[in-house]
Amino acid sequence: PIASLKESVSLANTFTIYIGLFSFLLAVIATFFMVGMFTKPIMQLAQVSKRMGKLDFTAKYTGKRHDEIETLGRNMNTMAERLEKAFLELQGANRILKEDIKRIDAMRRDFIANVSHELKTPIALIRGYAEGLNEGLCEDRESRTYYTEVIMDEAEKMNVMVKQLLTLSALETSGAGGLELET
């Protein structure tokens, strides 16, 4: 009877070992799938955030869960839509700003060309009349008075233009554009 009892105990021990190993293997497989169920959506959210970091706002979370991860995914999708809209608006504003800068730069070049031309004429007149006076071209007082009045008039025109340039420079420096220049 002891031999049959030993055989029954041995058989029960072997059965218990096999059941334990099978249960352990089943638990490992179940754990692997359970961990996958939780980490897969988190990994998907990580990929979505990585693409959003590279300014790819078409990346969307597509999980079908009913928990906090789903809430986080929906919030990331909403954020991506808002960021994409803001990014497109910024690109449009940047394009307009570049065009404005080009236009303002062209206006500045034209302005400088016009000012230099406008200053060139009075300088030439002043120089010519001053040389004439210096060489004694006019002997009578009336001619000298005329020449000096022309010189003073042209000098005043240049003074007005220089004041306008200084006012424009001050406006550009202070950032207060759009004000009329003093004449």
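Residues numbered from 1 in each chain as written. Predicted model: local features only at pLDDT ≥ 70, side-chain atom pairs only at ≥ 80, totals over all residues. Heavy atoms only, no water.

## A word on the pattern of salt bridges
For side chains of opposite charge, pairing can occur when their charged atoms come near one another. As a reminder of what qualifies: One speaks of a salt bridge when a side-chain nitrogen belonging to Lys or Arg is within 4 Å of a carboxyl oxygen belonging to Asp or Glu. Think of it in three bands: with a 1.4 Å probe and only protein chains considered, a residue is buried below 20% of the maximum accessible area for its type, exposed above 50%, and partly exposed in between. Here a strand is any run of E in DSSP of at least two residues, a helix any run of H or I of at least four, and the numbering for each starts at the N terminus.
As enumerated under the stated definition, the model contains seven salt bridges in all. Here Arg65 ties to Asp67 by a salt bridge, and the two come within 2.6 Å at their closest N and O atoms. Of the residues examined, Asp67 reaches a relative accessible area of 24% and is grouped as partly exposed. Measuring nitrogen to oxygen at the nearest pair gives 3.4 Å for the salt bridge that ties Lys157 to Glu154. Taken together, the positions of Lys157 and Glu154, both in helix α3 (residues 141-174) and three residues apart, correspond to about one turn of that helix. Of the residues examined, Lys157 reaches a relative accessible area of 41% and is grouped as partly exposed.

## Examining the nonpolar core
Nonpolar side chains in soluble globular proteins tend to be buried together. Stated formally: Residues enter a nonpolar core if they are buried and are Ala, Val, Leu, Ile, Met, Phe, Trp, Tyr or Cys, with the set joined through side-chain atoms within 4.5 Å. Any two residues whose heavy atoms approach within 4.5 Å are treated as being in contact.
Counting nine residues, the largest nonpolar core is built from Leu45, Val48, Met52, Phe57, Ala59, Tyr61, Ile69, Met76 and Ala80. Only α1 (2-53) and α2 (68-134) provide two or more residues apiece to this core. Apart from residues lying up to four places away in sequence, Phe57 is in contact with Met52, Ala80, Leu83, Glu84 and Phe87.

Distances and angles like these do not, on their own, reveal function.
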